[in-house]
Amino acid sequence: MRRADLARYAAAALAGGVLALSFPPRTLWWLAVPAFALLWLALRGTRARRSAGLGFVFGLGFFLPHLWWIQHFLGDEFGPWPWLALSAIMAAFISGVCALFPLVSRLPAAPVWATLLFVLQETARALVPFNGFPWGRVAFGQVDGPYGQLAVVGGAPLVSFAVVLTGFGLAAWLPRLKAGWAVLPFAAGLAVGPLVNVDAQNGQRTVAVVQGNAPDIGLGLLNASNTLRANHLRKTAELTAQIRSGAIPKPDLVVWPESATRTRDRDPVIDSAVDDLGVPALISALRDNQNAVIAWNPGTGAGKSYAKQELVPFAEHIPLRALARQVTPFADQPDLEAGTEPGVLDIANTRVGVGICYEVAYDYVLRESASAGAQVLVVPTNNAWYGRGEMTYQQLAMARLRAIEHGRAVVVAAISGVSAVVRPDGSVVRQTGMYTDELMVDTVPLRSELTFATRFGGAIHVLLTAGAFGACLVALWRRQRARREGEPLPR
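All residue numbers refer to positions counted from 1 along the written sequence of the respective chain. Only residues with pLDDT of 70 or above have their local features reported here, since the model is predicted, and side-chain atom pairs are shown and tallied only from 80 upward, although totals for entire chains, interfaces and linings are computed over all residues. Derived side-chain values reflect all non-hydrogen atoms in the structure, with water molecules and hydrogen atoms excluded from consideration.

1. A short note on the overall build of the chain
Okay, step 1: Scanning the chain from terminus to terminus reveals 16 helices and 13 strands.
Okay, step 2: Within these notes, the globule rule equals 2.2 Å times the number of residues to the 0.38 power, and the radius of gyration is based on C-alpha atoms. By the compact-globule yardstick of 23 Å for 491 residues, the chain fits well, its C-alpha radius of gyration being 24 Å.
Okay, step 3: Dimensions of the chain, computed from C-alpha atoms along their principal axes, come out at roughly 80 × 50 × 35 Å.
Okay, step 4: Buried residues in the chain amount to 58% of all 491 residues.
Okay, step 5: Residues count as neighbours in contact if any of their non-hydrogen atoms are within 4.5 Å of one another. Long-range pairs, those at least 24 residues apart, make up 69% of the contacts in the chain with a sequence separation of at least 6.
Okay, step 6: For the chain, the distance from the average site of its 43 positive side-chain charges to the average site of its 35 negative ones is 13 Å. Helix and strand assignments come from DSSP, with helices taken as H or I runs of at least 4 residues and strands as E runs of at least 2, each series counted from the N terminus. Each residue is placed in one exposure class: buried if its accessible area under a 1.4 Å probe, protein chains only, is under 20% of its type's maximum, exposed if it is over 50%, and partly exposed if it falls in between. Within this scheme the basic residues Lys and Arg register as positive and the acidic residues Asp and Glu register as negative, but His and the chain ends are omitted. All charge positions are set by atom: Lys at NZ, Arg at CZ, Asp at CG, Glu at CD.

Right under this line is the structure:
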């Protein structure tokens, strides 16, 4: 391989690594811009095959460190293969769209069309295979910077578009003294700041999160359901005692983390715990072959529930079981049943939107909740499987982006941390540590106004997707016309 080619591949790998550094728990959101500028420079002047290879290297450079927490989860039993395989599959999506970059680079304003293609691969990754894996979207690294504020207008797709366009645009237009166009997305992020509101519109609610904790034993948690249940019952009893003593104010609502217990509609132990509290609770549990959140009220017990719609592939639903046995310990367990209704529950005189764990990465789940009148959003999660790595912080960043997107406070309740209270502007006002048993109590504003992203974010996403396909079609048409007429291909 020639030295120039090696330099391109090294630049692509470096760009991917720099992008990984832009994500939480670090607050280096701005690193995403030079990452994409460097990727553009690596791709410049290449043909489709070389561009695809460079895109794959960029993808590996990003996903290998970004998804390292999978190695903690599965490494002892399965080695590095699940982590490597998932990273490679995700990188293949980037490779596929990078193969199209030389095609759209012949169009005017080439960075715009290349950016649309990059956002397209994020969309594709959230759909296929097996309902997709939307982790690692550029937008999820932007909650601490001005780009994140664009979520109030167009959700995660618009945020990703703005960041990538800035990087591509700087690299492409700076030598032509047109860099001013490239900073427009950044300026737009600053301009929409006044649209991000935090004021209560329908009063406030005091919410308590019970983080009962779990042992840091990875796959050993498969046999620890009794421990998780006992931990959360014990911590709930502690909450009851502190309320009675006046050590903490009586909350309006109590939230348990995802799969904190296994239960049925009749559960005298939880009935007793909630009766002693005297406070309605959202009990997150495995029930009737569903991953559910149940509205549990003092005196009346279990009421309406929400069942998780987006099940984790190879964990909560198992495609290709023969192959799955090579990469997951869940292969011989029955699939959970996915829910079909939006996550909205009426409890504590409040309309609460719910998205369980993995669902916070999907655009539609909490959009449906907010559209259905949710005044506050709750995200129960179980991150105890993944050790002390970055996964829980990556997921918290997604919840923070959803807060901005929908103008709602978000309460994240995690088994072993990090649990957090997030204001509608994405700021974290309270959070717990990791692998600690804690009680977290805070007041959140209730809001009912629908943001532009809640109303039209889906349509904006469709327009961005259509733009990517349209650019490719126009580029193909121009190329075919040039060939017919014997003209040089347009530059």
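2. What about the nonpolar core?
Most often, soluble globular proteins have nonpolar side chains that are buried together.
Okay, step 1: Counting residues in hydrophobic clusters, the biggest one holds 158 residues, and the most contacted among them are F36, F58, L67, V254 and L282.
Okay, step 2: The element contributing the most residues to this core is helix α8 (residues 151-173), with 15 residues.
Okay, step 3: Excluding anything up to four places from it in sequence, F58 contacts A12, A15, G16, L19, F36, L39, I94 and F118. By nonpolar core is meant a set of buried Ala, Val, Leu, Ile, Met, Phe, Trp, Tyr and Cys residues that side-chain atoms within 4.5 Å join together.

3. Topic: unusual backbone geometry
Okay, step 1: A cis amide bond links P24 with the next residue in sequence, P25, at an omega value of 15 degrees.
Okay, step 2: Here P25 is to be found in the loop between α1 (3-21) and α2 (32-43).
Okay, step 3: Residue V418 follows G417 across a cis peptide bond; omega there is 5 degrees.
Okay, step 4: Phi angles above zero are rare outside glycine, and N131 is one such case at about 75 degrees.
Okay, step 5: Judged by its relative accessible area of 39%, N131 is partly exposed.
Okay, step 6: Unlike most non-glycine residues, F314 shows phi in positive territory, near 70 degrees.
Okay, step 7: Residue placement: F314 occurs in the loop between β6 (301-307) and α13 (321-324).
Okay, step 8: Residue class for F314 comes out partly exposed when judged on its relative accessible area of 23%.

The values reported here are purely geometric and, on their own, carry no functional implication.
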